[in-house]
Amino acid sequence: MSLRVTFTAIVIMFSLLASAQTVSIIPQPSKVTIKGGEFVINKDCSLLFDQNNSDLSGIAGLFNDYLKNLYGFSLLQSVGSSSIKLVISDKVGLGNEGYTIEMDGKKATITSSTPAGIFYGVQSFKQLLPVKPEAGNLAIPVVEIEDQPTFSWRGNMLDVGRHFFPVSFIKKYIDILAMYKINVFHWHLTEDQGWRIEIKKYPKLTEVSHWREQTVVGHARDSKEYDGRGYGGFYTQEQIKEIVKYAAERYITVVPEIEMPGHTSAVLAAYPNLGCTGGPYKVQEIWGVHGDVYCAGNEETFKFLEDVLDEVCELFPSEFIHIGGDECPKGAWEECPKCQKRIKEEGLADEHELQSYFIKRMEKYLDNKGRRLIGWDEILEGGLPPKATVMSWRGEKGGIEAAKQHHDVVMSPTTHLYFDYYQSEDRDNEPLAIGGFLPLEKVYSYNPLPEELSAEEKKHVLGAQANVWTEYIPSTSHAEYMLLPRLCALSELTWTPAELKNFEDFQKRMEKHYSRLEALGINFKDYRK
Ligand code: ACM
Ligand code: ZN
C-alpha cells in the first residue's frame, strides 16, 4: 500500500469515526455522554419490548415504519446480532415524559416510566441515525442520554379556517411535530372565511359556512382584486376521530379551537339569527377583523354554542378546549337592543364586561363537563373567568397579568412565535406573508418565563406555542416552509433547560436536520444558502 493510499484510508476512517461521534439531537437533551465506540443497526438487529403492552407495540410499529421508509428495512422481533430494547420502569424518575438511553456496542435500552417517555426516547434515537446508511449499516455513537422536558405545553397551532388542508397533510404535520417532541396540536377550526368541523346538529355549517365564493388576491391591506373561485372544505367527524387517534399515538393532544364571540361571519351566514342584526351575512372573502359577531343578548347563541361544544367534547378528549375570544369588535353590541338589555340586566359596565359575561358562561359550561377553557389574552378584558387559562399573543403582557392573578398561561407572543411572519428581510425573495420579521435566531432566543414573574408565578407558565396562521399560506409545501426550521427552535425553547440553549451549537445540529428533512420529503426555509 502506498503512503498516499494509507493516508487517504486513515482520513476516511477518522471522518467516519467523527461523523459517528457527533450527536445532533433537536431538542438538545438534558444530558448526553459519548462513551466511545459504535452501535451498528442493520436488518439483523432486533427491537425487543413487552409484546403484551399495546403502547409499546404502537411505538415499536412507528419506529419500524420510519426505518422502512427511510432505510428500507425494519427490525427483527426475535433475538438478533444486536438489540434495541424498550423498557417501562418506575425507577427512571424523570417525570411523565422523561427517558434514558443506555448503550454498549451490542445493546441499546430506552427506558421511561411512561409510554410518552419511551416515544420521546425513540425520537432522540432516530436522530442519532445517519441520514444515509453505509453498506446497509447505520452506525451510531455509543451514548448515554438522560432527558426530560422543561415545559408541559409545547404547542403548535395550525389555522385551517383561512386555508383548508387535507387529512393526509394534517397527519404529516403531526408527524413533524412529533419528531421534535411537540405535544400539543392546537387546531384552529373555525373562522370568518370558513367553518371546518362537521357538527351533526347544525348541518348548514358544512353546507354553507365552509364555503366562500371567492378569495382576495395579494395582500388584503392594498388589494381590490378577487380570484372569482369558490373555496371550501371541512373535516367529517370520522376524519376528526382519525386525526385525534393518530395524534394520540404520537403523544400529541389535539386542542380544538371554536372561535367566539368574534371571527364568526361564516356561522352567521348559515344561522343569521345568531347575529345582532339578523343579517344578511356572508362567509368572508378577505382577511382581517370583521364586525359580524355572535349576539351576546340572544339565548339562542348560547344554546347553539353549548350544542356545538357538546359534539366537540365528544370528539376531542383534550382537557383544554380553546374558545378563541380574540379580536371581537363591539360595534354590533353597542347598537343591539338585546345586547344592551343584557348589559343592563346583568349590571355590566360596558361591552367589554359583556364579552367577559359571554366567556364566563362558556367556562361554566365547559367546567361542568370536566374541561378547562383556554382563550386568547382578550379574555382578560372585563375580567377573567375563575378557572380560565390564557394564551398570551399580543406580547407577554396578558400572560404576565394572568399569571399574577394565579391563572395558568401559555406564551405565544407575536414578537417571537408567529410563524406566519417573514423569515427574511429580503421580502422580494420570500413568499408573500402577512408582515413582520421573525428569523430563526429570534425564535430561538425566546424564554417563556418573563422576568417580571416571581418563582411562584412562573409555575403558572405551562409552556409556549407557535402559531401558523394561513391567510397567506395556500399550500401544504408553503405551510411546511413557514413551519421549518422555526419549529426546531420552538422545540428547543420548550424542551431544553434554558442554561443549555446555545444558538451556534443549535445551528450546527441543524445542518444535519436539513438533510433529514429532505430525505423525509419535508419542505423548509434553507438557512444554509
Ligand atoms: C390572533 O392572532 N388573533 C390570536
Ligand atoms: Zn346583540
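Please read these numbers as outputs of a predicted model, since none were measured by experiment.

Novice: Where do I start with the overall build of the protein in this structure?
Specialist: What the protein contains, in helices and strands, is 17 helices and 16 strands. Sequence separation of 24 or more characterises 72% of the internal contacts of the protein that already satisfy a separation of 6 or more. In the structure as shown, the protein presents an accessible area of about 21,500 Å², 52% of it carried by carbon and sulfur atoms. Placing the 57 positive and 74 negative side-chain charges of the protein at their respective mean positions leaves the two points 4 Å apart.

Novice: I tried to follow the pairing of strand β5 (residues 107-112) on my own but got confused; where do I start?
Specialist: Put simply, side chains in a regular strand alternate between the two faces of the sheet. With five of six residues buried, β5 lies mostly within the body of the structure. Here six bridges tie strand β3 (residues 82-88) to β5, and the two strands are oriented parallel to one another. Note that in β5 the partner of Lys 85 across the bridge is Thr 109. Here four bridges tie strand β4 (residues 99-103) to β5, and the two strands are oriented antiparallel to one another.

Novice: Which parts of the structure should I look at to understand the coordination of the zinc ion (ligand 2)?
Specialist: Put simply, a metal with four donors set out as a tetrahedron has ideal angles of 109.5 degrees, and one with six donors set out as an octahedron has ideal angles of 90 or 180 degrees. Those donors, Cys 276 (SG), Cys 295 (SG), Cys 336 (SG) and Cys 339 (SG), are the protein atoms that reach the zinc ion (ligand 2), and they lie 2.3 to 2.4 Å from it. Every donor counted, the four donor atoms about the zinc ion (ligand 2) form angles of 107 to 115° at the centre, which fits tetrahedral coordination. All donor residues of the zinc ion (ligand 2) come from one chain, and their arrangement in sequence is C-x18-C-x40-C-x2-C. Of this pair, Cys 276 sits in the loop between α6 (265-270) and α7 (299-315) while Cys 336 is found in the loop between α8 (331-335) and α9 (337-345), placing the two residues 60 residues apart along the sequence. Across the pair, exposure class does not vary: Cys 276 and Cys 336 are buried alike.

Novice: Honestly, the environment of Leu 274 in this entry has me stumped. Any pointers?
Specialist: Note that Leu 274 resides in the loop between α6 and α7. What Leu 274 contacts, discounting residues up to four positions off in sequence, is Val 267, Leu 268, Val 293, Tyr 294, Cys 295, Glu 300, Thr 301 and Phe 304.

Novice: I would appreciate a short explanation of the sheet that holds strand β2 (residues 45-48) in the present structure.
Specialist: In spatial order, the strands read β1-β6-β4-β5-β3-β2; together these six strands make up an open sheet with mixed pairing. Where the open sheet ends on each side, the last strands, each with one partner, are β1 (31-41) and β2. Recorded for the sheet is a direction-independent mean angle of 20° between the axes of neighbouring strands. Lying over the sheet, helix α3 (residues 115-128) contacts β1, β3, β4, β5 and β6 (138-147), oriented at roughly 45° with respect to β4.

Novice: Can you help me understand unusual backbone geometry in this one?
Specialist: Residues other than glycine predominantly adopt negative phi, and peptide bonds predominantly adopt the trans conformation. At the junction of Ile 26 and Pro 27, the peptide bond is cis and its omega measures out at 0° in the coordinates. Notably, His 263 is not glycine yet its phi reads approximately 55°, a positive angle. Within the secondary structure, His 263 sits in the loop between β11 (253-260) and α6. Classification of His 263 by relative accessible area gives buried; the value is 3%. Located in the positive-phi region is His 406, a residue other than glycine, with phi close to 70°. For His 406, the location among the structural elements is in the loop between α11 (397-404) and β15 (409-411). Among the residues examined, His 406 registers a relative accessible area of 59% and is labelled exposed.

Novice: Can you walk me through helix α15 (residues 476-483) in this structure?
Specialist: Three or four residues apart is the spacing at which side chains of an α-helix point the same way, because the helix has 3.6 residues per turn. Across the eight residues of α15, six count as buried, placing the element largely inside the fold. Inspection of α15 places His 478, Ala 479, Glu 480, Tyr 481, Met 482 and Leu 483 among the buried residues, and these make up the whole buried set. Next to the buried residues of α15 lie β7 (153-159), α4 (167-179), β16 (461-468) and α16 (486-495). The N-cap of α15, judged by a side-chain oxygen 3.2 Å from the amide nitrogen of His 478 a few residues on, is Ser 475.

Novice: Looking at this model, I keep getting lost on α9. Mind explaining?
Specialist: Restricting attention to buried positions, one finds in α9 the residues Cys 339, Arg 342 and Ile 343. Taken around the axis of α9, the buried residues stretch over an arc of 100°, which confines them to a single face. Opposite the buried face of α9, at more than 90 degrees from it, the exposed residues are Pro 337, Lys 341, Lys 344 and Glu 345. Against the buried residues of α9 lie α7, α8 and α10 (351-368). The positive-phi residue at the C-terminal boundary of α9 is Gly 347, with phi of around 65°.

Novice: Which parts of the structure should I look at to understand the nonpolar core?
Specialist: Soluble, globular proteins show a tendency: their nonpolar side chains are buried together. Counting 150 residues, the largest nonpolar core has Ile 41, Phe 125 and Trp 187 as the members making the most contacts within it. Ranked by the residues each element gives to this core, the list is headed by α4, at nine residues. When neighbours within four sequence positions are excluded, Phe 125 is seen to be in contact with Phe 39, Ile 41, Phe 63, Ile 84, Ile 101, Met 103, Ala 108, Ile 110 and Ile 140. Judged by nonpolar contacts, the second largest core, of 13 residues, contains Met 157, Phe 320, Trp 376 and Leu 462.

Novice: Help me out: how do you make sense of the packing of α9 against α10 in this one?
Specialist: Helix-helix packing is characterised by the crossing angle of the two axes and by the distance between the axes. Between α9 and α10, the least distance of the axes is 10 Å, while the angle of their chain directions is 85°. By the angle between their directions, the pair α9 and α10 is classed as roughly perpendicular. Note on element contacts: α10 touches α9 through Glu 351, Leu 354, Tyr 357 and Arg 361, opposite Cys 339, Gln 340, Arg 342 and Ile 343. Across the contact of α9 with α10, the residue classes tally to four nonpolar, one polar and three charged.

Novice: Just checking my understanding: could you explain the pairing of β11 for this structure?
Specialist: Among the eight residues in β11, seven count as buried, and that is most of the element. Alignment of strand β8 (residues 184-188) against β11, held across five bridges, turns out to be parallel. Paired with Phe 185 across the strands is Val 254, a residue of β11. The sheet contact formed by β11 and strand β12 (residues 320-324) spans two bridges and is parallel. In the sheet register, Glu 257 faces β12, and the bridge partner there is His 322.

Novice: I keep staring at the sheet that holds β15 and nothing clicks. Help me out?
Specialist: Hydrogen bonds between backbone groups are what pair the strands of a sheet, and the pairing can be parallel or antiparallel. With respect to topology, eight strands assemble into a closed barrel ordered β7-β8-β11-β12-β13-β14-β15-β16, the strand pairing being parallel. Averaged over all pairs of adjacent strands, the angle between strand axes in this sheet comes to 30°, irrespective of strand direction. Pairing between strand β13 (residues 372-376) and strand β14 (residues 389-392): three bridges, direction parallel. Paired with Gly 375 across the bridge in β14 is Val 390. Across the face of the sheet, α10 comes into contact with β11, β12 and β13 while running at roughly 150° to β13.

Novice: Explanation requested: the pattern of salt bridges in the structure shown.
Specialist: One side chain can pair with another of opposite charge once the charged atoms of both are near each other. Summed over all chains, the structure comprises 33 salt bridges. Measuring nitrogen to oxygen at the nearest pair gives 2.9 Å for the salt bridge that ties Glu 97 to Arg 154. Here Arg 154 lies in strand β7 and Glu 97 lies in the loop between β3 and β4, a separation of 57 residues in the sequence. For Glu 97, a relative accessible area of 15% translates into the label buried. Here the salt bridges share partners, and the residues they tie into one network are Asp 159, Arg 162, Glu 191 and Glu 471.

Cut-offs applied
- Position numbers for residues start from 1 in each chain and track the written sequence from start to end.
- Ligands are numbered from 1 and chains lettered from A, in the order in which they are written.
- In keeping with the predicted nature of the model, local features appear solely for residues at pLDDT of at least 70, side-chain atom pairs appear and are counted solely at 80 or more, and the whole-chain, interface and lining totals rest on all residues.
- Calculated side-chain values reflect all of the structure's heavy atoms, with hydrogen atoms and water omitted.
- Starting at the N terminus, helices and strands are each numbered in turn, a helix being any DSSP run of H or I of at least four residues and a strand any DSSP run of E of at least two.
- Contacts were defined at the residue level, with two residues in contact if any of their heavy atoms lie within 4.5 Å.
- With residues, only the protein chains shown are counted as cover, and all accessible areas are computed by Shrake-Rupley using a 1.4 Å probe.
- All tallies of charge rest on Lys and Arg as positive and Asp and Glu as negative; His and the ends of each chain are not included.
- The location of each charge is read from NZ of Lys, CZ of Arg, CG of Asp or CD of Glu.
- The buried label goes to any residue with under 20% of its type's maximum accessible area, the exposed label to any with over 50%, and the partly exposed label to all in between, with areas taken from a 1.4 Å probe on protein chains only.
- Paired strands, in this sense, are two strands between which DSSP finds at least two bridges.
- Keep in mind that water is not among the atoms, so a site may look incomplete; donors are the N, O and S atoms within 2.8 Å of the metal, or 3.2 Å for Na, K and Ca.
- A four-donor site is classed as tetrahedral when every donor-metal-donor angle falls between 85 and 135 degrees; four donors are called square planar, and six octahedral, when trans pairs exceed 155 degrees and all remaining angles lie between 65 and 115, with any other arrangement labelled irregular.
- An axis is simply a line fitted to the C-alpha atoms; with a helix, the fit covers only the stretch in contact. Between two such axes, the angle follows the N-to-C directions and lies from 0 to 180 degrees.
- For this analysis, a polar contact is any N or O atom pair within 3.5 Å, provided that within protein one partner can donate a hydrogen and the other can accept it, and provided that sequence-adjacent residues contribute only side-chain to side-chain pairs.
- Each direction from the helix axis to a C-beta atom contributes to the arc, which is the arc of those directions.
- Nonpolar cores were defined as sets of buried Ala, Val, Leu, Ile, Met, Phe, Trp, Tyr and Cys residues, with membership established by side-chain atoms within 4.5 Å.
- Convention used here: angles under 35 degrees read as roughly parallel, angles over 145 as roughly antiparallel, angles from 65 to 115 as roughly perpendicular, and any remaining angle as oblique.
- Residues are sorted three ways: Asp, Glu, Lys and Arg are charged, Ala, Val, Leu, Ile, Met, Phe, Trp, Tyr, Cys and Pro are nonpolar, and all the rest, Gly among them, are polar.
- Basic side-chain nitrogens of Lys or Arg form a salt bridge, by our definition, when they fall within 4 Å of a carboxyl oxygen of Asp or Glu.

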